[in-house]
Amino acid sequence: LGKYRSHKDLIGEVYRNIVNDWREENIRLRGYDSPIHVRNVGNDIPDKAVEALLKACERNEPLFQRFFELKRKKLGLKKMRRFDLYAPLQKKKEPEIPYHEAVTTVLETFHDFSPDFYREASNIITADHIHSKIQKNKDTGAFCCSVTSKLNPYVLLNYTGTLRDVSTLAHELGHGIHHNLARGQTEFTFHAPLPLAETASIFSEMVLSERLLKKYPGRARELLFTKLDEIYASIIRQAGFVRFEMKAHKMLEEGKTIDEISRVYLQDLRKQLGPKVEIDDIFAYEWCYIPHIFHTPFYCYAYAFGNLLTLALYEAYKEKGPGYAGKIVEMLAKGGS
């Protein structure tokens, strides 16, 4: 973060120009109602739905403040700092899970949930469309790439044998399943819009979580804490980025400086995490390394939307039983139509 602070003037000028271009083209020239309205139209979501989403996330920030206070106690820390937020509970290294075992676990999970999920995941694996090995010059992270509706998608992973990597395999295969189920749509409509794009992937992680809890009971606490870390990061944190963007676009239109918008970011972050989490001043520049803020303004609420929708669907599935899986498959088959 120190590097971002030392280059804040350059980064700030880049961002100022992006924001100015966004406003000049989309509001002055094309007549959108507001900077975020551009993204909402692209996502096929009414402004009021996004407003409700962002307000609900802000209203529920205290839930995660309570969680991080609980985590502080479990970690044995006198003070929870922002640096410690995602610290693992386990201090000793856990044994690695072989890749073939991860594939078997994920496929068994899909088989128990829905034959359609199992079939489409198996198609991707059989087509040899997963690259999981660590190798020099390979891209980091993980993603699923859909080329055309006629082909099985390609999955990139960097598998290191952790429980998180097993979840990542389920997540990326979930994207692939979504793609394959929507094959009946046209090339223009099979891709789901951003807020729906994470539905199958996160749902796949949720059904896998239950199996992992049963399979590795000794690591249940670690699994649950990691899952709550991820839910904070993908819902509350992402909604916070978008609320910051809305303020930043307005402030830059009013001629405010990068230091001023960075102070607002820090102020909002402190409010989000509450008085019991210590946040160093350097976090004022955290927003500078979020690529979506620069490349695809207001993108990040799609993560919150997709995660909350998935949790709602998962709750309905748990209440209504295995028959509800067909409803979820039917929805995914609609793709972006």
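Residues numbered from 1 in each chain as written. Predicted model: local features only at pLDDT ≥ 70, side-chain atom pairs only at ≥ 80, totals over all residues. Heavy atoms only, no water.

**Considering the pattern of salt bridges**
This is how the line gets drawn: Here, a salt bridge means any Lys or Arg side-chain nitrogen found within 4 Å of an Asp or Glu carboxyl oxygen. Only DSSP runs of H or I with at least four residues qualify as helices, and only runs of E with at least two residues qualify as strands; both kinds are numbered from the N terminus onward. Accessibility here uses a 1.4 Å probe with only protein chains present; expressed as a share of the type maximum, an area under 20% marks a residue as buried, one over 50% as exposed, and anything in between as partly exposed.
This model, assessed by the stated rule, comprises 30 salt bridges. Residue Arg211 is joined to Asp112 by a salt bridge in which the shortest nitrogen-to-oxygen separation is 2.1 Å. Within this pair, whereas Arg211 is found in helix α10 (residues 199-215), its partner Asp112 is found in helix α6 (residues 99-113), the two being separated by 99 residues in sequence. Here Asp281 makes a salt bridge to Arg270, at a shortest N to O gap of 2.8 Å. Taken as a pair, Asp281 in the loop between β5 (277-278) and α13 (291-295) and Arg270 in helix α12 (residues 258-273) lie far apart in primary sequence, 11 residues in all. On the basis of relative accessible area, Asp281 is assigned to the exposed category, the value being 52%. Of the residues examined, Arg270 reaches a relative accessible area of 35% and is grouped as partly exposed. Through salt bridges that share partners, Glu58, Glu61, Arg243 and Lys271 make up one connected network.

**What about the sheet that holds strand β3 (residues 143-145)?**
Using the following cut-off: Only strands that DSSP links by at least two bridges are regarded as paired with each other.
With respect to topology, 3 strands assemble into an open sheet ordered β2-β4-β3, the strand pairing being mixed. Pairing within the sheet leaves two strands with one partner each, and these edge strands are β2 (130-131) and β3. As paired elements, β2 and strand β4 (residues 154-156) share 2 bridges and run parallel to each other. Of the residues in β4, the one forming a bridge with Ile130 is Val155.

**Structural notes on a nonpolar patch on the surface**
What counts here: Patch membership requires over 30% relative accessible area and the absence of a salt bridge. Like charges are linked within 9 Å, and nonpolar side chains (Val, Leu, Ile, Met, Phe, Trp, Tyr) within 5 Å. Note on areas: Shrake-Rupley, 1.4 Å probe, and residue coverage restricted to the protein chains presented here.
Together, Val147, Leu151 and Tyr154 make up a nonpolar patch on the protein surface, roughly 260 Å² of accessible area in all. Positionally, Val147 belongs in the loop between β3 and β4. Taking relative accessible area as the criterion, Val147 reaches 53% and is therefore assigned exposed.

**Remarks on helix α8 (residues 163-181)**
Keep this limit in mind: Expected span, for any helix, means 1.5 Å times one less than how many residues it has.
With 19 residues, α8 should cover 27 Å at 1.5 Å per step; its first-to-last C-alpha distance of 27 Å lies within 8% of that length. Counting buried positions along α8 gives 17 out of 19 residues, so the element sits mostly inside the fold.

**Brief notes about the packing of aromatic side chains**
Heads up, the condition is: Stacked, tilted and edge-to-face are the three classes applied to pairs of Phe, Tyr and Trp rings, where Trp contributes its six-membered ring and a pair requires centres within 6.5 Å; stacked means planes under 30 degrees apart, edge-to-face means over 60, and tilted covers the rest.
Under the definition given, this model contains 22 aromatic pairs. A centroid spacing of 6.5 Å and a plane angle of 40° characterise the contact between Tyr86 and Tyr232, whose relative ring orientation is tilted. Of the two residues, Tyr86 sits in the loop between β1 (80-81) and α6 while Tyr232 sits in helix α11 (residues 220-253), which places them 146 residues apart along the sequence. Given a relative accessible area of 35%, Tyr86 falls into the partly exposed group. A ring pair is formed by Phe113 and Tyr317, whose centres lie 5.1 Å apart and whose planes are at 80°; its orientation type is edge-to-face. Highlighted residues: Phe113 in helix α6 and Tyr317 in helix α14 (residues 301-320), separated in sequence by 204 residues.

**Some remarks on the environment of Phe110**
The condition that has to hold: Working rule for contacts: check all heavy atoms of both residues, and any pair within 4.5 Å makes them a contact.
Within the element layout of this structure, Phe110 appears in helix α6. Judged by its relative accessible area of 1%, Phe110 is buried. Along the backbone, Phe110 and Glu120 are 10 residues apart, and their C-alpha atoms lie at a distance of 9.6 Å. When neighbours within four sequence positions are excluded, Phe110 is seen to be in contact with Phe117, Tyr118, Ala121, Ala170, Leu173, Ile177 and Ser204.

**A word on the state of the cysteines**
Our working rule: In plain terms, two cysteine sulfur atoms within 2.5 Å form what is called a disulfide here.
Tallied over the full model, the rule gives 0 disulfides. Between Cys145, a cysteine without a disulfide, and Cys144, which holds the nearest cysteine sulfur, the sulfur-to-sulfur distance is 7.4 Å.

**Some remarks on the packing of α10 against α14**
The cut-off we apply is this: Axis definition: a line fitted to C-alpha atoms, limited for helices to the stretch in contact. Angles are taken between N-to-C directions and run from 0 to 180 degrees. With respect to orientation, any angle under 35 degrees is reported as roughly parallel, any angle over 145 as roughly antiparallel, any angle of 65 to 115 as roughly perpendicular, and every other angle as oblique. Crossing handedness is read from the near helix: turned anticlockwise from the far helix by less than a right angle, it gives a left-handed crossing, and turned clockwise, a right-handed one. Residue classes follow a fixed rule: Ala, Val, Leu, Ile, Met, Phe, Trp, Tyr, Cys and Pro count as nonpolar, while Asp, Glu, Lys and Arg count as charged, and any other residue, Gly among them, counts as polar.
Two elements in contact, α10 and α14, have axes whose closest approach is 9 Å; the angle formed by their N-to-C orientations is 50°. Classed by the angle they form, the pair α10 and α14 counts as oblique. Taken as a pair, α10 and α14 cross one another with a handedness that is right-handed. In contact with Thr199, Ile202, Phe203, Met206, Val207 and Glu210 of α10, α14 contributes Gly306, Asn307, Leu309, Thr310, Leu311, Leu313, Tyr314, Tyr317 and Lys318. Here the contact of α10 with α14 is composed, by residue class, of 9 nonpolar, 4 polar and 2 charged.

**A look at the side chain of Ser149**
What counts, and what does not: For the purposes of these results, a polar contact is taken to be a pair of N or O atoms within 3.5 Å, where, inside protein, one atom must be able to donate a hydrogen and its partner to accept one; residues adjacent in sequence count only when each atom of the pair is a side-chain atom.
Tracing the chain through its elements places Ser149 in the loop between β3 and β4. Within polar-contact distance, the side chain of Ser149 engages the side chain of Lys150 at 3.3 Å.

**Here we look at the nonpolar core**
Note the following rule: Residue types Ala, Val, Leu, Ile, Met, Phe, Trp, Tyr and Cys, when buried and joined through side-chain atoms within 4.5 Å, form a set referred to as a nonpolar core.
In this structure, Tyr15, Phe68, Tyr232, Ile261, Leu273 and Trp287 are the most contacted members of the largest nonpolar core, which totals 53 residues. Those elements that place two or more of their residues in this core are α2 (8-29), α3 (35-42), α4 (47-59), α5 (61-75), α11, α12, α13 and α14. Per-element accounting of this core gives the leading share, 13 residues, to α11. Ignoring anything within four residues of it in the chain, the contact list for Tyr232 reads Phe64, Phe68, Leu85, Tyr86, Arg237, Gln272 and Leu273. One finds Val103, Phe110, Phe117 and Ile124 within the second-largest nonpolar core, a separate group that totals 39 residues.

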